[in-house]
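A closer look at the structure
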Amino acid sequence: MSRETNETPPIEDTPPITGKPSSSAAGATAILSTIKHGITRSGITGSISSLSKVNKFGGFDCPGCAWPDPDDHRTIAEFCENGAKAVADEATNKKITANFFEKYSVVELSLKSDEWLNSQGRLTSPMLLDEGMDNYTPISWKESFELIADELCTLENPNQSIFYTSGRTSNEAAFLWQLLARGFGTNNLPDCSNMCHESSGFALSDSIGIGKGTVKLEDFNSASLILVVGQNPGTNHPRMLTALRDAKKHGASIISINPLIETGMKKFKHPQNPLEMLGSGKSISDRHVRININGDMAFFRGLNHCIVKNHNYDVNFIGEHTSGFEDYKASIENVDWVQIESISGISRQEIESIAKIVSESKSIITCWAMGITQHHNSVETIQEMVNTHLLGGHIGRKGAGLCPVRGHSNVQGDRTVGINHIANPSLIHNIQNSTGIQTPNKHGFDAVNAARAMLEGNAKVYLAMGGNFLSAMSDTKLIAKAMNRCQLTAFISTKLNRNHLVTGKKSLILPCLGRTEVDEQTTGNQFVTVENSMGIVHSSQGHMKPASNELLSEAAIVAGIATAVENRRPMSDLDWNNLVEDYDRIRDIIEQTIPGFNDYNSRVRAKAGFYLPNPPRDDLTFNTQTGKANFRFHNISSLSPEENEYVMMTIRSHDQYNTTVYSGEDRYRGIKSGRRIVMMNPIDVKQSNLRAGDLVNLTSVFQDELRHSPNWYLVEYDIPRGNVATYFPEANELIPLNSTASGSNTPTSKSVIVRVSKSQD
Ligand SMILES: Nc1nc2c(c(=O)[nH]1)N[C@H]1C(S)=C(S)[C@@H](COP(=O)(O)OP(=O)(O)OC[C@H]3O[C@@H](n4cnc5c(=O)[nH]c(N)nc54)[C@H](O)[C@@H]3O)O[C@H]1N2
Ligand SMILES: Nc1nc2c(c(=O)[nH]1)N[C@H]1C(S)=C(S)[C@@H](COP(=O)(O)OP(=O)(O)OC[C@H]3O[C@@H](n4cnc5c(=O)[nH]c(N)nc54)[C@H](O)[C@@H]3O)O[C@H]1N2
Ligand SMILES: [Mo]
């Protein structure tokens, strides 16, 4: 029998407090908010000492996002309000001890809000929730490792285990983690990327031969046009606003393409510039394209049609570096403008005028994030955006290129060092050479398939390197069932979250060191390495005293599990504990296994680290099957909501980090409190006979499945008609597990069809 824990946060029973969206981002309010979060969580000295080390040479990498730092200099404080919140959240001086778990059963804890769970502080010692028990109780590290190894080694088949990874994990820990999984005999390595930029990786690999972006930070200063598509940098990548502001100073125009006018794209006051702080701020975007949710593919098709029709393409670049142009050109010579206008919500005239700007721009950068990657047709949309770049030759030269803006601070690095459910033959070959590990060549489960396997009883041990799979994934109720069906769930974590409460029959919390903390091993203090959104690998070293002396580093925990497994079932030539004594030894094996890491240990000690090779950017080499960059054509697709249905996107508020909720405020959007809200166009509100403040029920519609979620407060907001917005993770119970992007299998978190009806109470 599973414990009756709540898989979703409790329903808020007070209406939201709303006001007007802010007119500028950052500025004094951001500084005040930073200080408030820093001081209340880690005390004044703790917050100043941790913030002074973030993103500095010799300091630690900001756990906030993957936006890069300048190569050659660091400003007084290379951090932002939301990075500071992420740091303060980890560096908090509040702690969860064994007494806490004695006091609260998991059922009681599951009745608390996500904000409350996170605010209890750092996890400090390993805990076991034993079969049939309601409370976690203390367990030693050794017993934890033995328990995991016992459960793993009694499985009928290694593919009944899942090794999940979230994107904060260092290269060293991630590399060992995937070695452990593959050595144990499975490629079941789902990761947060599967829910995030998988569509970008999939589309780009096929189009240009690398699943990463092709720009450097310095390119922003020589770009003439920057498109920011489906991204909210003011909240999620605030340091990007500095790059956009500087790009403007150097002459770039900026166009934002988004259903919402996000505050960061309006105006920005640099927190380290006193003159900007006093004034009204620097305007960022020159033009806003108010696109419908999921209208981007139609929009870019319209754009590319105009470019082709007016012969505004780069014949030399296309001839030398691309394949498939003639077919593509023939396919888009005639387009259905009625279809394009109705899907995108943008008039033909406007698309034509933007096509003119694009054609006249010498060098274009296109940035995108979750507004593009989490739809049923994300891969097709991204390939259409790549086509725009190929038409103008905007790739592999100064000031131009593709820029998928990554989320988690090391999600790109984790992939580079082998976190991937795909059984890549050259990786498997290299791993065997460097470690003796024989990996099966069958692909493993991604996030969606891992959930299905657990649900169907085909996977029984779920191990997580960070993250909160329960709340981050679509279809929360099904994921809860999937977790409950497991024999063992184990979470290597820094902070308490809902997944620790919705578990398998047995469950372990394995508390680890965070980025900000000193990581001391027998040979001395260690640093770890990470890769940012632009392919720079650099070091990160914590300076704070660990939250508890029982914490182990992520790498040490993996070594502990691996050693216990090796004792039962030898799998490699490695002495795992010896590797962890000195992380240089782990990096030496990474160097022998992963291309691009030659002289890893010496190059990563250089001030700003080193760039990994990026063939399209470095010398216009495209490692695709054709040896060229591919034009790809797909028919325009869209969602087809019925008369009374809306297209819903699930987005982040200003005061959350993915499933970690800091507060109920979404300052830039004018929401002062309340997360269980639906933002809807005022005309739609009126036409549905509803009123702002009404309590409504949401029902999502997918094929013949309906999912219900009660009691959301209606908020009038400037969003296109027919579209609504809610926050994740609250709205995840409405997203069907089977609703995923074609190709990448990413849950369609931004393409959910919903009905909105008034609550009866
Ligand atoms: N403070 C903070 N920083 C973070 C995170 C966090 O939660 N908090 N999360 C990190 C992670 S893992 C990630 S992946 C990134 C996420 O960074 P973002 O992608 O900026 O995050 P979302 O809130 O999902 O925002 C999506 C944006 O896309 C727009 N949008 C939605 N649908 C569409 C569409 O169909 N077309 C277009 N053109 N736009 C659309 C929305 O209006 C919104 O502005 O941020 C990272 N950084
Ligand atoms: N509806 C909807 N769903 C979404 C999205 C969306 O836009 N809409 N976005 C998706 C995206 S882009 C992503 S990336 C996923 C995020 O999915 P995840 O990465 O799984 O979730 P997080 O909320 O980032 O994980 C937070 C937990 O990680 C642990 N943690 C924090 N720091 C560390 C560390 O340094 N080490 C270890 N070991 N643990 C740590 C803490 O215990 C914390 O509670 O969510 C996805 N889900
Ligand atoms: Mo993400």
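Please read these numbers as outputs of a predicted model, since none were measured by experiment.

1. A few points about the pairing of strand β16 (residues 461-465)
- The buried fraction of β16 amounts to five of the five residues, a majority that puts the element mostly inside the structure.
- A two-sided burial pattern is seen for β16, the buried positions comprising Val461, Leu463 and Met465 on one face and Tyr462 and Ala464 on the other.
- In this structure, β16 lies alongside strand β17 (residues 488-493), joined through five bridges in parallel fashion. The residue bridging Val461 from the neighbouring strand is Leu488, located in β17.

2. Notes on the packing of aromatic side chains
- Under the definition given, this model contains 19 aromatic pairs.
- Relative to Phe631, the ring of Phe325 has its centre 5.4 Å away and its plane inclined at 55 degrees; by these criteria the two rings are tilted. Linking Phe325 in helix α15 (residues 325-332) with Phe631 in the loop between β24 (629-630) and β25 (645-651), this pair joins segments that are 306 residues apart in sequence. In this structure, Phe325 and Phe631 share a single accessibility class: buried.
- Members of the aromatic cluster, joined through ring pairs, are Phe100, Phe101, Tyr104, Trp116 and Tyr136.
- The ring of Tyr611 carries the charged tip of Lys216 above its face, separated from the ring centre by 4.3 Å.
- When the ring centre of Trp712 is taken as reference, the NZ or CZ atom of Arg676 above it lies at 4.4 Å.

3. Remarks on helix α21 (residues 425-435)
- Considered for burial, the residues of α21 that qualify are Leu427, Ile428, Ile431, Ser434 and Thr435. Viewed along the axis of α21, the buried residues span an arc of 140 degrees, placing them on a single side of the element. Exposed positions of α21 whose direction lies more than 90 degrees from the buried face are Pro425 and Asn433.
- As for α21, its buried residues are in contact with α7 (171-184) and α27 (583-593).
- Sitting at the amino-terminal end of α21 is Asn424, which places a side-chain oxygen 2.9 Å from the backbone nitrogen of Ser426.
- The positive-phi residue at the C-terminal boundary of α21 is Gly436, with phi of around 80 degrees.

Basis of the calculations
- Residue positions are counted from 1 within each chain, in the order its sequence is given.
- Whichever chain is written first is A, and whichever ligand is written first is 1; the rest continue in order.
- Where totals are concerned, whole chains, interfaces and linings use all residues; where local detail is concerned, this predicted model gives features only for residues with pLDDT of at least 70, and gives and counts side-chain atom pairs only at 80 or more.
- Think of the side-chain values as coming from all heavy atoms in the structure, minus any hydrogens and water.
- Accessibility here uses a 1.4 Å probe with only protein chains present; expressed as a share of the type maximum, an area under 20% marks a residue as buried, one over 50% as exposed, and anything in between as partly exposed.
- By definition, any uninterrupted DSSP run of H or I lasting at least four residues is a helix, any uninterrupted run of E lasting at least two residues is a strand, and each is numbered from the N terminus.
- When DSSP finds at least two bridges between two strands, those strands are taken to pair.
- Two aromatic rings, drawn from Phe, Tyr or Trp (for Trp, its six-membered ring), form a pair once their centres lie within 6.5 Å of each other, and the interplanar angle then sorts them: stacked below 30 degrees, edge-to-face above 60, tilted otherwise.
- Any Lys NZ or Arg CZ found within 6 Å of a ring centre and within 35 degrees of that ring's normal is scored as a charge over the ring.
- An arc is given here, and it is the one of the directions from the helix axis to the C-beta atoms.
- The contact criterion used is simple: two residues touch if any of their non-hydrogen atoms lie within 4.5 Å.
- Two N or O atoms form a polar contact when they lie within 3.5 Å of each other; inside protein one atom must be a possible hydrogen donor and the other a possible acceptor, and for residues adjacent in sequence the pair counts only when both atoms belong to side chains.

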